[in-house]
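Residue strings, one per chain:
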Number of protein chains: 2
Amino acid sequence: MQSTMQDVPLLISRILTHGSTVHGASQVTTWTGEGAPHRRSFAEIGARAAQLAHALREDLGVGDGDRAATLMWNNSEHVEAYFAIPSMGAVLHTLNLRLPADQLVWIANHAADRVVIVNGSLIPLLAPLLPRLETVEHVVVSGAGDRSPLLAADGAGNGVQVHEYEDLIAGKPTVYDWPELDERTAAAMCYTSGTTGDPKGVVFSHRSVYLHSMQVNMTESMGLTDQDTSLVVVPQFHVNAWGLPHATFMTGVNMLMPDRFLQPAPLAAMIEAERPTHAAAVPTIWQGLLAELTAKPRDVSSLTQVTIGGSACPPSLMEAFDALGMRVCHAWGMTETSPLGTVARPPAHAIGTDEEFGYRVTQGRFAAGVEARLTGPGGERLPWDGESAGELEVRGPWIAGAYFGGPAAEPLRPADKFSEDGWLKTGDVGTISPDGFLTLTDRAKDVIKSGGEWISSVDLENALMAHPDVTEAAVVAVPDDKWGERPLATVVLREGATADFDALRAFLAEHGKIARWQLPERWTVIEAVPKTSVGKFDKKVLRRRYADGELPVTLL
Amino acid sequence: MQSTMQDVPLLISRILTHGSTVHGASQVTTWTGEGAPHRRSFAEIGARAAQLAHALREDLGVGDGDRAATLMWNNSEHVEAYFAIPSMGAVLHTLNLRLPADQLVWIANHAADRVVIVNGSLIPLLAPLLPRLETVEHVVVSGAGDRSPLLAADGAGNGVQVHEYEDLIAGKPTVYDWPELDERTAAAMCYTSGTTGDPKGVVFSHRSVYLHSMQVNMTESMGLTDQDTSLVVVPQFHVNAWGLPHATFMTGVNMLMPDRFLQPAPLAAMIEAERPTHAAAVPTIWQGLLAELTAKPRDVSSLTQVTIGGSACPPSLMEAFDALGMRVCHAWGMTETSPLGTVARPPAHAIGTDEEFGYRVTQGRFAAGVEARLTGPGGERLPWDGESAGELEVRGPWIAGAYFGGPAAEPLRPADKFSEDGWLKTGDVGTISPDGFLTLTDRAKDVIKSGGEWISSVDLENALMAHPDVTEAAVVAVPDDKWGERPLATVVLREGATADFDALRAFLAEHGKIARWQLPERWTVIEAVPKTSVGKFDKKVLRRRYADGELPVTLL
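Residues numbered from 1 in each chain as written. Chains lettered and ligands numbered in written order. Predicted model: local features only at pLDDT ≥ 70, side-chain atom pairs only at ≥ 80, totals over all residues. Heavy atoms only, no water.

A word on the sheet that holds strand 7 (residues 161–164) of chain B
All names here are of chain B. To be explicit about the condition: Whether two strands pair comes down to DSSP finding at least two bridges between them. Under the DSSP-based scheme used, a helix requires at least four consecutive residues in state H or I and a strand at least two consecutive residues in state E, with every element numbered from the N terminus. As a rule, the C-alpha atoms of each element are fitted with a line to give its axis, helices using only the stretch in contact, and angles between N-to-C directions run from 0 to 180 degrees.
An order of 7-6-5-3-4-8-9 is seen for the seven strands of this open sheet, with the pairing classed as mixed. Since the sheet does not close on itself, it has two edges, and those belong to strand 7 and strand 9 (200–205), each with one partner. With strand direction ignored, the average angle separating the axes of adjacent strands in the sheet is 25 degrees. The pairing of strand 3 (residues 67–71) with strand 4 (residues 91–94) spans four bridges and is classified as parallel.

With respect to the packing of aromatic side chains
Using the following cut-off: Two aromatic rings, drawn from Phe, Tyr or Trp (for Trp, its six-membered ring), form a pair once their centres lie within 6.5 Å of each other, and the interplanar angle then sorts them: stacked below 30 degrees, edge-to-face above 60, tilted otherwise. When accessible area is computed with a 1.4 Å probe and restricted to protein chains, residues below 20% of their type maximum are described as buried, those above 50% as exposed, and intermediate ones as partly exposed. Throughout this description, the term charge over a ring refers to an Arg CZ or Lys NZ atom that lies within 6 Å of the ring centre and within 35 degrees of the ring normal.
Applying the stated criterion across every chain yields a total of 18 aromatic pairs over all chains. Between the aromatic rings of Phe366 of chain B and Trp384 of chain B, the centroid separation amounts to 6.2 Å while the plane-to-plane angle is 35 degrees, which identifies the pairing as tilted. Here Phe366 of chain B, found in strand 16 (residues 364–366), pairs with Trp384 of chain B, found in the loop between strand 18 (381–382) and strand 19 (390–395); they are 18 residues apart in sequence, far enough to count as distant. Given a relative accessible area of 2%, Phe366 of chain B falls into the buried group. Trp384 of chain B gets classed as partly exposed once you look at its relative accessible area, which sits at 24%. Through successive ring pairs, a cluster of aromatic residues spans Phe42, Phe83 and Phe249 of chain A. In this structure, Arg373 of chain A is placed above the aromatic ring of Trp423 of chain A, and the distance from its NZ or CZ to the ring centre is 4.1 Å.

Topic: the relation of the copies chain A and chain B
What connects the two chain copies is a rotation about an axis and a shift along it. Definition in use: The copies are overlaid by a least-squares fit using only the C-alpha atoms of residues whose pLDDT is at least 70 in both copies. The criterion used for residue contact is that any of the two residues' heavy atoms lie within 4.5 Å.
With an axial shift of 0.0 Å and an RMSD of 0.1 Å, the rotation relating chain A to chain B amounts to 180 degrees. With respect to symmetry, the two chain copies, as superposed, fit the operation of a two-fold axis. Among all residues of chain A, the one whose C-alpha sits closest to the rotation axis is Met218 of chain A, at a distance of 1.9 Å. Here 100% of the contact residues of chain A are again contact residues in chain B; the copies associate through an equivalent surface.

Digging into the interface of chain A and chain B
Spelled out, the test is: Put simply, buried area is how much 1.4 Å-probe accessible surface two parts lose in total, over both of them, once they are put together. Think of a salt bridge as a Lys or Arg side-chain nitrogen and an Asp or Glu carboxyl oxygen that are within 4 Å of each other. Each polar contact in these results corresponds to two N or O atoms within 3.5 Å; when the atoms are within protein, one needs to be able to donate a hydrogen and the other to accept it, and residues that are neighboring in sequence are counted only if both atoms are side-chain atoms. Note on residue classes: Ala, Val, Leu, Ile, Met, Phe, Trp, Tyr, Cys and Pro are nonpolar, Asp, Glu, Lys and Arg are charged, and everything else, Gly too, is polar.
Each partner contributes residues to the interface: chain A has 74 residues there, and chain B has 74 residues. Here chain A packs against chain B, burying approximately 5,500 Å² in sum over the two surfaces, 57% of which is carbon and sulfur. Across the chain A-chain B interface, the total number found is eight salt bridges. With a closest N to O distance of 2.9 Å, Asp226 of chain A and Arg365 of chain B form a salt bridge. Where chain A packs against chain B, one counts 38 residue pairs in polar contact (both at pLDDT 80 or more). Broken down by secondary-structure element, the contributors of at least two residues to the side of chain A that touches chain B are helix 1 (12–21), strand 8 (186–192), strand 9 (200–205), helix 8 (206–217), helix 10 (244–251), strand 16 (364–366) and strand 19 (390–395) of chain A. In terms of residue class, the side of chain A that touches chain B is made up of 36 nonpolar, 25 polar and 13 charged.

Thoughts on the packing of helix 1 (residues 12–21) of chain B against helix 3 (residues 76–87) of chain B
Residues and elements named next belong to chain B. Quick reminder of the rule: In what follows, roughly perpendicular refers to angles from 65 to 115 degrees, roughly parallel to angles under 35, roughly antiparallel to angles over 145, and oblique to any angle outside these ranges. By the definition used in this description, the sense in which the near helix is turned from the far one sets the handedness, with an anticlockwise turn below a right angle giving left-handed and a clockwise turn giving right-handed.
At a minimum axis separation of 8 Å, helix 1 and helix 3 run at an interaxial angle of 135 degrees. Comparing the axis directions of helix 1 and helix 3 gives the class oblique. Here the hand of the crossing between helix 1 and helix 3 comes out left-handed. Contacts from Ile12, Ser13, Ile15 and Leu16 of helix 1 reach helix 3 at Tyr82, Phe83, Pro86 and Ser87. Here the contact of helix 1 with helix 3 is built from residues that sort into six nonpolar, two polar and no charged.

Coordinates in, geometry out; function isn't part of it.
Written out as C-alpha cells, the structure reads:
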C-alpha cells in the first residue's frame, strides 16, 4: 500500500535554503591571523553560493556530475563551495592538502577534476602540480597570496585558465533555481589513503549528507543549536569536516573557522576572542592546545564541549581538558562512514558514577541509523558481550558500499572492504558491549591470528610500554607453522637498559594481564619504531624486515 | 554521477532494532491507577513486538499492506503494536476513541481494517459498533475489562473472532525477520475529522516516520536523550503521539504512559512519583493540571520541559507553568504534517531579553526539512516580513501530498487542500517573520476576504472580548455586494449590559488598533456562541443563521 506523503528529495540545496533564510543571521567567522576576523552571515553565504553556482555553470561550463575540487583551508569561501557545487548538480571534491604531491596528482586525475578552487596561501602547493593535472581546465583563487606561480602556468599553453574568485562571482544573480535532483545523486567525494595501494574515493550522496546532518544535530550526537558557535578545527578536506558545515546550516549553529591558523597559539587566541561553545578536532591538535594553555593561560570558559575523533584521545588528555571545563566527547568514524558512527556519551545510569569515565574512553555508542556487527577470525558472528573481539562491520544510509571506480568505470567492491551482503568491513577490531558501546582494540591487518583466535597487537604494546625499561614497542604477526601466526615483540629500550626478554614476558603475564597463550615467544630490540607520514606505527615495514631476516630474533 | 553509499531503506523495523538493543534497558512505564506502575524494557518490547507480528501474520493472516487498527490508550502494548504492525509490512491504523460512533464506523470501514486491537477498558465503546464494522475479522483484547459484551458479538455469527492479546503472543518466537521494505511503503494511518465532509485519511510512510523521528530528536526540536523520561499525554491515536514512540526508541528516551488516567489528579500523582523530565500535551489537559497543582501542591520539580501543541497555549498559562519551573514550548503541526512543523524555541539573540516571551507565544520556527510559503487572497506569494498575512502552505518529506482514497481507489488531492505543485494548503492564515517564526492569525475558512485584502476574524474577536461589556464574540464573513465579503460581529453581552455598537466599534479602533477599513458595519447580539463537539467556535452555524435571516442585524 502506498503512503500519501509528499515525495520530497533530501537535497543539500534544501539545507542551504533553510539555513540562509530561517537562520540567515547566523554567522561564519573566519580567523585572519591579524586584525579583525572576517564575518559573513548565512544569508550572505546563501547569496554568494548562488553566485558561485552561476559562475561555475555559465562561465566555466561545469555540468551535471562534473567534479569541482577545492584545495582550501576552513573558511567561509570553502563553505560557499560546499553548498554551491553539489546544489547545482556537480560534485564537490575536497583535496587533502596534507597528502604527498604524487598522491594529490593521482587523486585529481582519477577524479577527473575540471576545476580547482584554491586558497591564495596554497598556490605554492598547487602551482608545481598543475602541469601534471590532466583534466583541470580552470583554477579559481580565493584570498591573499602571490598569484605569480599560477599566472606562469596560465601562460604556459597547457590550457589552464586562472580566475579570481571574487571577480568571477561579482554581479551574478544571488538566487539560483536549484535543480530537483534525485537524492541518490553524487554530492561530494573524498579519498582515503591507506598505507598500501592506491587511494580510494568515497562518493557521498545528497541523501547520505542530509541524513548524516540530521544525526549530527540530534542531542545524542553533537546536538548544537543557534545558541552555539562551533570551532571547526577538523579540516573541510577531511570527511566534510565531520559534517559540520552541513549540520550547522540545518540548525543555525555559528561556525568559527581557523583558516590556516591551526597552531596552538592562534587557536587559543581565537577561543578567547570569539568564545566558541563547541570544538571538533583530532587529539594531536588538542594536545598542542593544552600545552599552550598551560604555558599561557587564557579565558577559554566558553568552550564546554569538544568532540574528538580521528584517533582515540588519551585518558590523561581527557582529564586535563575536564579540569579546564572542556568536556571531551569521543566519536568514532572514518571517511567511509561520513564519518559519524559512534559518540561516547555515557548512558544515563552511569552519569555521576565511577562507571562514567569508563564509558567516555570507549569509542562510543552506535548512532541511530548505524547498524553494527562483529565478525570473528573464522567469519562467525560474535555476540555483543563486551569481551568477544572481532572485525567491526557496519551498515547504514550514510555508510559506503563501494569505492569510486573512475568516471567511466563501475564502482569497486573489494572483498576485503565490503561483505557479500553489502556491509562495510571497517578494518577495525574491537568489542561491543550489550548496550552498544564500541571499544576498538586493534586494526584487523595488525591483529595476530593464532590458532583460530585473535591476539590484539595493541594490548601487547600497551602492556609492554608500561614497563619502565621500554620506551616504545610494536607487536606484529609473523608466520608460524603450528599456529598460523604468532606475535613478534619489537621493543625500543630506554637508554642504558639491557634486554631481558624473560623479565618482559613475565611482566606481561603479571602486570599486563595477558593470557598465557597470547604471550610472544619471539623478541627483538630495535632502535625506533618505523612511522608513517602521519605518525602511526608502520608495521608493514617491521614485517618486511622480519621476512627479509634483518631482525635478530630471540626465541624464548 | 552515482554515489558509492549503501542503499539502506529508512524503516520502522530499524528504529525498533536499534531501540531494543542499543537502548534495551530504557523503559516504558504505564500508569495503572492503583498499585505499582507497570514497567517494560525496550528489549522486552522488542521481543513482544516480534511475537505480536508472528501472531498477526501466522494466526490472524494479516498480510502486506493490510490495515490492523488499535483502539487503545497510551500504554506499552500500544507501543508494541506501533512497531510490530508496520515493521511486518502491514499498516497501523490508530482509531480515535474520542470520535462519535458513526465517524468511527465510517473510518474503520473506509480503511477496511481487518483487525482491531482494543484495550479491555474500551470494550464498552467497541462492542456496540462491531456489527457495523464490515471488514473486521479479529478483535484482540489487551488489559483488564469485562469481555462479555465482545464475547456476545463473537457468538453472534458475524464472523468476528475475539482473542486475548497475551494468549495470542505467548510462545511465539521473540525475533522476527523483518522484511526489507521500500521506505515509501505505507506504515501508519490516521484520519482527520474536519467540521465538514467525510474524515480524511493521512497515510504515513516508513520514510516519513523515520525522518520525522530524527527531526524530533534534534536539539532544536524536543531533543531528548536516555537521561530523559517523557510523559506522553498526547494520545497515541492522535498523529502518532506527535512521533514520540518512534523518536524515543531511536535515542533511548524512557516513556511514561498515562493509559486512561488523563485526569488532573492522577497526572499530578504520576509526575510526582515517576519524575518525568518532559511532557507533551494539549493546552486543555495542562490547564486542568495547573488547577490541580494549585489546589494540592506536589513535587513536580523533575518536569522542566513541556511541549504544547494542538492549539495555542494562552500566555497566562505559559507564565503560570514558568513559575512552577516547567518551561512550556509551543509547537505547531497537524495530522497532515506528522505533525512537527514548527517549534517555538526563541532565537539565540532573544534569550534573556524582553523579546524572548514574544517568540515563545508564536507558533514557532520552521523545522529543518519543512519548507513554508504564504499565499495571499489573490494567490500571490507574500513576503516573510512578520506582517503580510496569508494562507500557510508547507512542503517536506513528512508532509502529506494527498489523502487516502480507499483500498482500491486513487489518492485524493482536493484543490482546496493541495496546490497544483504539490504543497499542502494548511487552512491556517498567519504571518512569517524574516527569521522563520510563524504566527497564526486565523483559519482560512474564517478569514474575511474584503476587497482583495484579508481581515482576521480572530483579531477582531480578541479585541472585542477585551471590552468589559463583552463576554464572548465571534466574527464571521458575510456576503457584500461591493467588497465581496465583510465582517459580521456577533457579541454575547455580560449580564445587565446594553448593546452600544457605536461604542464597541470605537473601542475596536482605539484600543484594539484595528484599521478603519477592517471595522465591522454589521453587528448583532447573540445569547451564546455556538460550539463544536471539541469546544471550538462553530462559525458555520452563525453564517447559516445569518443567511437564513435569523439574526437581527444592526448596520452602522
